[in-house]
Amino acid sequence: MNYWLNNLKTPCYVIDETAMIKNLEILQALGRQTGCKVLLAQKAFSAFALYPLIGEYISGTTASGLFEAKLGFEEMQGREVHVFSPAYTEEDFTELIKICDHVIFNSFGQWEKFRAQIPENVSAGLRVNPEKSTQDIAIYDPCAPFSRLGATLENLQDKDLIGIEGLHFHTLCEQDSDALEVTLDEFIRKFGYLLPRSENACRGSRLKWLNFGGGHHITREGYDIERLVRCIERVKSYGLEVYVEPGEAVALNAGWLAASVLDIIHNEMDIAVLDASAACHMPDVIEMPYRPNIVGSELPNVKKYTYRLAGNTCLAGDIIGDYSFDHKLKEGDKLLFCDMAIYSMVKNNTFNGMALPSIAVLRKDGKTEIIKEFGYEDFKNRLS
């Protein structure tokens, strides 16, 4: 790996084309085996230079609003474009129905507001909340108490859903298919009356599809794909088309953030200041929080030399974590943070005037290609 890292100007995100293709082949095989359609959730990965490649393997993109929808429409041409938002503005909705194949509403009120504007070529869906939590972290749990995401069964009692062609639920975050199975059981128990071919289906059910949302770690080693297949086949038995919209699974473990050591400070322990920042360049490290792996490192005190790695901002808490190495770190040493293709690029920022990392692709032939560089104008122009 060092043959390309040594000459790389940092900080820089590096997308591994070979690793991404491996993920895409798994997702493509799932689609072929089950007939489901797989969509890229752009909220996790929006490096559109890779969209032509991604579009060779999956059915399209899903968006969280107008800008992501436009990006998918423009850069993965000929593929489906889906959108979901907690609420749409009049201005955005007018544009969305021109470029999206599927528009998903978060509430019956939003559906009533916009239903008359939906053209015949756009399929309307409604997000539902099964109210069945499968995780413990409330900030990532759409089924937590008082959630604003999705209509509950109580919200839909005696409502006229004529015109709604699909339902959508999104309840998972980096989870296996056992959590999906729990969610699906609850969904069918509560909303089965809306499904065609269901024993208790309401008369005239017109649903055509069900979207399982995202959060499925399909390409993670050990993921139970066969259970996912059974869930898909179960829904297809109702006569519905199935969508899954993973974001992370497309680019999981398919990229790095390369950083350099700027200085070593000692204050009761050795502290390495880097040209990469947790606060600016990998904000989930602080937000989730989590500790990213670094190539060649271990937990503190496992290897001979332990360092606290910190970002080059004024934020006292801009700390990436404590790591141990076989050798002493020195100014100019380069480090590779793992699994940085997802969320880091879409969430980064220029706090303190920090430069955004460049974006590179490590091609299948082993050559590194810089596809985007950022400078002062990118910082300046977003402010005024």
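Quantities reported herein were computed from a predicted structural model and do not represent experimental measurements.

Visitor: What should I look at first to understand the packing of aromatic side chains in this one?
Guide: For any two aromatic rings, the description comes down to two numbers: the centre-to-centre distance and the angle of the planes. The full count for this structure, using the stated rule, is 14 aromatic pairs. A centroid spacing of 5.6 Å and a plane angle of 20° characterise the contact between F169 and F212, whose relative ring orientation is stacked. In this pair, F169 is assigned in the loop between β7 (166–168) and α8 (177–191) and F212 in the loop between β8 (209–211) and α9 (225–236), connecting sequence segments 43 residues apart. The two residues F169 and F212 agree in class, both being buried. Through a chain of ring-to-ring contacts, three or more aromatic side chains come together here, namely Y88, F93, F105, W111 and F114. Residue placement shows R127 over the ring face of F84; its charged tip is 4.9 Å from the ring centre. Between K159 and the ring centre of F108, over which it is positioned, the NZ or CZ distance is 5.7 Å.

Visitor: What is the right way to look at the packing of α8 against α9 in this model?
Guide: A pair of packed helices can be characterised by two numbers: the angle between their axes and the separation between those axes. One can describe the packing of α8 onto α9 by two numbers: an axis separation of 9 Å at closest approach and a directional angle of 20°. Put simply, α8 runs roughly parallel to α9. Once α8 is placed against α9, the crossing between them reads as left-handed. The residues of α9 that touch α8, namely those facing S177, D178, L180, E181, L184, D185 and I188, are R227, L228, C231, R234 and V235. Residue composition of the contact of α8 with α9, grouped by class: six nonpolar, one polar and five charged.

Visitor: How should I be thinking about helix α2 (residues 17–34) in this particular structure?
Guide: The periodicity of an α-helix, 3.6 residues per turn, causes residues three or four places apart in sequence to face the same way. Over its 18 residues, α2 extends 26 Å from the first C-alpha to the last, a length consistent with the 26 Å expected when each residue adds 1.5 Å. For α2, every residue scored as buried is listed here: E17, A19, M20, I21, N23, L24, L27, Q28, L30, G31 and T34. As for α2, its buried residues are in contact with β1 (12–16), β2 (37–41), α3 (51–54), α9, α10 (248–251) and β15 (358–362). The opening residue of α2 is D16, an N-cap whose side-chain oxygen sits 3.1 Å from the backbone nitrogen of T18. Directly beyond the C-terminal end of α2, a positive phi value near 80° is found at G35.

Visitor: What is the right way to look at the sheet that holds strand β3 (residues 60–63) in this model?
Guide: Strand pairing in a sheet takes place through backbone hydrogen bonds and is either antiparallel or parallel in direction. Strand order around the closed barrel formed by eight strands is β2-β3-β4-β5-β6-β7-β8-β9, with parallel pairing between neighbours. On average, each strand axis in the sheet is inclined to that of its neighbour by 25°, with strand direction left out of account. Relative to β3, β2 runs parallel, the two being bridged by three bridges. Residue A41 lies in a different strand from β3, and its bridge partner there is T62.

Visitor: I would appreciate a short explanation of the environment of V244 in the present structure.
Guide: Residue placement: V244 occurs in strand β9 (residues 241–244). On the basis of relative accessibility, which here comes to 0%, the residue V244 falls in the buried class. Residue contacts for V244: discarding those within four places in its chain leaves C36, K37, V38, L39, F212 and G213.

Visitor: How do you make sense of unusual backbone geometry when you look at a structure like this?
Guide: Excluding glycine, residues mostly carry a negative phi; peptide bonds, for their part, are mostly trans. In the segment running from T10 into P11, the intervening peptide bond is cis, with an omega of -5°. With an omega of -15°, the peptide bond running from M288 to P289 counts as cis. Assignment of secondary structure puts P289 in the loop between α12 (284–287) and β12 (305–310). Although it is not a glycine, E174 sits at a positive phi angle of roughly 55°. Topologically, E174 is positioned in the loop between β7 and α8.

What counts as what
Within any chain, residue numbers begin from 1 and follow the written order of that chain's sequence. Given that this is a predicted model, residues contribute local features only at a pLDDT of at least 70 and side-chain atom pairs are listed and counted only at 80 or more, while totals for whole chains, interfaces and linings are drawn from all residues. Hydrogens are left out, water is left out, and the side-chain values use all remaining heavy atoms of the structure. Put simply, two rings from Phe, Tyr or Trp (the six-membered ring, in Trp's case) pair if the centres are within 6.5 Å, and we call them stacked under 30 degrees between planes, edge-to-face over 60, tilted for the rest. Secondary structure counts use DSSP, requiring at least four H or I residues in a row for a helix and at least two E residues in a row for a strand, with both numbered from the N terminus. Between buried and exposed lies partly exposed: a residue is buried under 20% and exposed over 50% of the maximum accessible area for its type, with that area taken using a 1.4 Å probe on protein chains only. In our convention, an over-ring charge means Lys NZ or Arg CZ found within 6 Å of a ring centre and within 35 degrees of that ring's normal. As a rule, the C-alpha atoms of each element are fitted with a line to give its axis, helices using only the stretch in contact, and angles between N-to-C directions run from 0 to 180 degrees. Orientation categories follow fixed angle ranges, with anything under 35 degrees roughly parallel, anything over 145 roughly antiparallel, 65 to 115 roughly perpendicular, and all other angles oblique. For any pair of crossing helices, the crossing counts as left-handed if the nearer helix is rotated counterclockwise from the farther one by less than a right angle, and right-handed if it is rotated clockwise. In this analysis, two residues are considered to be in contact whenever any of their non-hydrogen atoms come within 4.5 Å of each other. Classification convention: Asp, Glu, Lys, Arg as charged; Ala, Val, Leu, Ile, Met, Phe, Trp, Tyr, Cys, Pro as nonpolar; all other residues, Gly among them, as polar. Every helix has an expected span of 1.5 Å times one less than the residues it contains. Any pair of N or O atoms that falls within 3.5 Å is considered a polar contact. Within protein, one atom must be able to donate a hydrogen and the other to accept it, and sequence-neighbouring residues count only if both atoms are side-chain atoms. Any two strands with at least two DSSP-identified bridges between them are counted as paired.

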